[in-house]
Amino acid sequence: EENTSYCTNVWRQIFTNHNFSPLEKSDITIESLRINYFSAIQHRLALFAMLTGKNKRLRNLALVKNGESGTKTRQVKQCFSLPNRHFNFVPLVPPDMMHYPPSNGFDPNSLRITYMNEDGESEDEGSDDEFDMELEEESNNNNNLDEMHDFFMAEMDTDPPPVEFACDSYSLTSPGTGGEFVLLNPFSGSVEVHDSILDNAIGSEESMMEMALLDASEGIIRKRGRHEDGMDDEKSEDIAGEAIHCRIQQSHCHSMYDTPPKQVLFSVNDYFELDLNEYFGEYTPFKSTRQGTVTVDWVGVDSHVAMNSDCTSLDGSVIGAARILTMESDRNDGELACTEVFAWSNIGSEGEAISEYETKYVCRAAGSFYFLDICANYQKLYASFQYGSGAFSENVGESMAREGWGNRPLMEIDDESLVDEDGEPIRMSKAVFCLPLVMYDGSPASPEDVRSYFPSPEACIMAQYPVSSFSVDPTGKILLVGTVYGTVEVWETGMSSTGSHSEPRRLQVLSVRESFLKRARSMTVGERSSSECGVEVVDVKPQSIEHNPNARGPAQDDLALLDSSAEEEFAHKHPTTKISQIYFPRHLPVQRCGFVTKQRNGDSGTTLLLWQTAGMSCGEFTDPSDQRFQITAMINLPLSVQCHPEVHFDGRRLIVFGQDHIGLIFLVYHVLGTRYDQEEFDDEKMSAPANQSTSDNGEESGGVTNLHGERRMKFVNRIRHAGLGGLEYYDSLLMTANERFIVVNTKTGNLIGSDGVRNASQGLLVIDLQKHEGRF
C-alpha cells in the first residue's frame, strides 16, 4: 500500500510538472488514481503530438535519413494537416428546425452489433457456432427507422437562415479534455449549456467508412480466432458487408434526432419578464422616471475555472454573460446605459463541482463598459467603463483630468479598434474597478434587492495610461493590465483565501518599446566591446521598467524619454500600439508559463509577444513579487493585415486562427513552458531544417523570433481544411479550445458532412484531436 501511494504521488507530480490541465474530478476514483494519472499523461501527450504532427514529422525524417524516400534531394516536410476524421461540423439552426427525441422515443445509441447463431439466439463470445451479424433494436416503439426519418425530415422545406455571431457566442467550459460548452444561441438569444460539443456533430463520410472497416476487420479476426480450420472468404464478405450496413444505419439514426441542451441558463421567457424599473427606476443610480425604447445588446459569453488553493486542482466552473441595456429618449437629454453581468456557478456548498449550474450571480452598473473579466475564485467582476459614462467613474474622471491625461485628444491614438460598432469613439479610461458578484435567487426584487444589484466598487486600479485590455489569472491574485501605449502593468489584486483583502498593489510596469530598445542598446554595446577585446558577443537580457508608485502624472511617462530614431534597430514594427488582448492559461498561475500579448497595426499586421520569468520553466514557484517578466519571443504573424486573428494559449500550445493569402488557417506554435519539453527544443531533429532560411533579424519559420540565447518558442504546424471557409472580411473569427477540442465558426460546414435535407452549412467546425474510438 505504501508503494502504491508513492507511485501515485510520483505520477501526480509528473502530470502537474507537464502543466496539463487538472483531471476532472468526475474522472478520478481512489481505486485507480495511479492509473488515472499515468493514462492521462499518455493521453495528453498523444493529443499534443496529433496537433503538432510530431510523430509524422519524426517518421518522415527517419525515412529521409535511411534513404527510403527514393531520392537524396528530398527535403524534410515540416507541416502535416490532420486527417478528415478529426473534423466535425455542428450545424446551428433555429429552434423550430431542431428535432428532439420524444420522452419515450427511440435512442439511437441503443443500436449495437450482436452475433446470432443459426437458431436465432444470441451467441456467447466463446461459442464456436456459425453466426450471422444482425442489427438489434432495443426499442419496441420504433420499428421502421426509415419511415420515421422521412416523417420528421419532410417538414424541412427551406434552407436554414444564415448564422451571424455579433459577439463571443460560445466557449468550452473545461481547459482539459471535457466537451461541455456554453452557447449564446444566435437565433433565440438563450444561453444554453450542452453536455458535449460532439452531441450534434456530423462527421465526414471518410470517418464513418474507417470505423466500418475497423468493425469488419475486428469481426473477421474474432471469428477466425474461434475456428482453427479457418473461414471461407464468402463468410468474411458477409461480415464486412453487415458491418458497413450497420455503420451507415447508425449514422442515419444519429442524424434523425438532435440532442437538446442539458441546461438553459437564460431562456426566451426571461426576455418577457424584464422589469425596467430594476434597471432605470427609482431605486437605481439613475433614479429615472422617464419612459423610452430600451435596446438589449448581448456583449458575449465566456467560461472561467476556479482553482484550488494548491493550484493543482479545479473546484468548478463559472459561466459569465454580459449585456448592455440602453434606454433612448425622445428628448435631447441623451440615452441611459446599464451594464448587467450574469454568472452561473457549478461549485457546490462544500467546494466540490456539481453537474448543474445551480448558483446564479448578477452585477449591474450604471454606464457602458468596454472591457471586463470575471474572477471565479472570489466571485468578482473587473470592468473598465468609458470615460464619463458611469455613476462612480465620474470622480475618477475628475482625478484623471487633474493629472493631465483625462482630456488628452483621442485622435492622437491611431487605431481603428478604438471605435465601437456604430463608429463612435470609445473613450477609454485609466481605471479598472473591482465589483462583487451578488447572489441572485430569481424571486421578485424588493427595493433593497434592486439597490444591492448595483454594488459599489471594492477597489479601483489606476493604470498609468488609458486601459485597453486586462485579464485576471485563475488564482484571482494577479491582474495584468494592457494600455493604449503598448505597456503592460502587473498588479496584485489583494485577494486572499483567508477572506482578508488588502489594497491592490502594482508589481511591475512593462513597456514593449523600452524592452526592445534596451535589447538593441545592449547588443550594440556588446558588439563594440567584442570588437575591441576580441571576445564573442553575448546577448544581454532586457530589464523591466521599474515604476515609482509615489510618482504621478506625465513625469512618469517612460516613452517620452526614448529616442525615436532607435525604433529601426529592432524587429517590432509597432511597439507602441495598444495591447488589444492578454492571454494566459486558464488553469495555471501566470508565473508558471507566462502570458502572451497581442498588438495589431493596420499597416504591418499582428504581433504576439511571449512574456515569461527567468525561473518560470525550472519547476520553481516563488512569490510573484520576486519574479520579473520579460519578453522571451515574438511572432510577426504571417497573416493578412486586414485579419483580426483569434489566439489560444494554454502554457504549451499557442494556436492562432486567422487568414492568409490562401484562406483560413490554423498556425500552431510550441512554447517552452516546462523542462520536460527541453529535449524537443535542443534536439537537432526538431530544429529548423536547412531548407528554411533565417532572416537577418533572427526570424524563424512562422514569423518566430527568439530574443535571448534560450529558444522558448517554435513554429510546429499549420492546418487547412475545406470546411474552413465562407467567412467574409466583415465576419468575426471566433475560437475556443482546450487540450482536446478546437472550435471555430464556419460557413462551409457542409463540405465536412451532410446535414441531410436541412442542408445546413453554417455553424461550428470542431477539431477533435482524439481518435474516434467507437464513434463515426
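Data block above holds the structure.
Below you will find a few notes about this structure. Only a predicted model underlies this, so the values are computations on that prediction, with no experimental measurement involved.

Parameters at a glance
- Residues numbered from 1 in each chain as written.
- Predicted model: local features only at pLDDT ≥ 70, side-chain atom pairs only at ≥ 80, totals over all residues.
- Heavy atoms only, no water.
- Pairing = 2+ DSSP bridges.
- Helix = DSSP H or I, 4+ residues; strand = E, 2+ residues; numbered from the N terminus.
- Phe/Tyr/Trp six-rings, centres within 6.5 Å; stacked < 30°, edge-to-face > 60°.
- Buried < 20%, exposed > 50% of the residue type's maximum accessible area, 1.4 Å probe, protein only.
- Lys NZ or Arg CZ within 6 Å of the ring centre and 35° of its normal.
- Core = buried A, V, L, I, M, F, W, Y, C linked by side-chain atoms within 4.5 Å.
- Contact = heavy atoms within 4.5 Å.
- Salt bridge = Lys/Arg side-chain N within 4 Å of Asp/Glu carboxyl O.
- Polar contact = N/O pair within 3.5 Å; in protein donor to acceptor, adjacent residues only side chain to side chain.
- Axes fitted to C-alpha atoms, helices over the stretch in contact; angles between N-to-C directions.

A word on the sheet that holds strand β16 (residues 438–439). The 5 strands lie next to each other as β9-β10-β11-β12-β16, forming an open sheet whose pairing is antiparallel. The two strands at the open ends of the sheet, each matched to only one other strand, are β9 (294–307) and β16. Where strand β12 (residues 359–366) and β16 come together, 2 bridges link them in antiparallel fashion. Bridging across to β16, Tyr 361 finds its partner in Met 439.

With that out of the way, let us pick up the packing of aromatic side chains. Taken as a whole and assessed by the stated rule, the structure comprises 18 aromatic pairs. Both rings, one in Phe 266 and one in Phe 342, keep their centres 5.6 Å apart while their planes meet at 45°; by these two values the pair is tilted. With Phe 266 in strand β8 (residues 263–266) and Phe 342 in strand β11 (residues 336–345), this residue pair connects regions lying 76 residues apart in the sequence. An identical accessibility class is assigned to Phe 266 and Phe 342; each is buried. For the ring pair Phe 385 and Phe 433, a centre distance of 6.3 Å and an interplane angle of 55° mean the geometry is tilted. A residue pair is termed long-range when its members are at least 10 positions apart, and Phe 385 in strand β14 (residues 380–385) and Phe 433 in strand β15 (residues 431–436) qualify at 48 residues. Accessibility assignment for this pair places Phe 385 and Phe 433 in one class, buried. Members of the aromatic cluster, connected to one another through ring pairs, are Phe 266, Tyr 271, Trp 298, Phe 342 and Trp 344. Arg 364 extends its terminal NZ or CZ atom over the ring of Tyr 279, reaching a point 4.2 Å from the ring centre. Lying over the aromatic face of Phe 48, Arg 652 brings its terminal NZ or CZ to 4.1 Å of the ring centre.

Membership of the largest hydrophobic core comes to 26 residues, with the highest contact counts inside it found for Phe 657, Phe 666, Ile 742 and Ile 767. Of all the secondary-structure elements, those providing two or more residues to this core are α2 (33–52), β1 (87–91), β27 (653–659), β28 (664–671), β30 (713–719), β31 (735–737), β32 (741–746) and β33 (763–768). With near-sequence residues (within four places) excluded, Phe 657 lies in contact with Pro 645, Glu 646, Leu 664, Ile 665, Phe 666, Leu 724, Leu 733, Leu 734, Met 735, Val 744 and Asn 745.

This part covers the pattern of salt bridges. Taken as a whole, this structure holds 17 salt bridges when the rule is applied. The shortest N-O distance in the salt bridge between Asp 195 and Lys 262 comes to 3.9 Å. Of this pair, Asp 195 sits in the loop between β6 (191–194) and β7 (202–203) while Lys 262 sits in the loop between α6 (233–256) and β8, placing them 67 residues apart in sequence. Across the salt bridge formed by Arg 364 and Glu 340, the nearest N and O atoms sit 3.0 Å from each other. With Arg 364 in strand β12 and Glu 340 in strand β11, this residue pair connects regions lying 24 residues apart in the sequence. The two residues Arg 364 and Glu 340 agree in class, both being buried.

Moving on, we come to the side chain of Thr 736. Mapped onto the elements, Thr 736 comes out in strand β31. For Thr 736, a relative accessible area of 8% puts it in the buried group. A distance of 3.0 Å separates a polar side-chain atom of Thr 736 from the backbone nitrogen of Leu 172. With sequence-adjacent residues up to four places away left out, Thr 736 is seen in contact with Tyr 170, Ser 171, Leu 172, Phe 741, Ile 742 and Val 743.

Next up on the list: the sheet that holds β30. Pairing in this open sheet of 4 strands is antiparallel, and the strands run β26-β27-β28-β30 from one edge to the other. Two strands close off the open sheet at either side, each with one partner strand: β26 (646–649) and β30. Strand-to-strand twist of the sheet, defined as the mean angle between neighbouring strand axes without regard to direction, takes the value 20°. Relative to β27, β26 runs antiparallel, the two sharing 4 bridges. Of the residues in β27, the one forming a bridge with Phe 649 is Leu 654.

Bringing the environment of Val 318 into the picture now. Its place among the elements puts Val 318 in strand β10 (residues 314–327). Filtering out sequence-adjacent residues up to four positions away, Val 318 remains in contact with Asp 302, Ser 303, His 304, Ala 343, Trp 344, Ser 345, Ile 374 and Ala 376.

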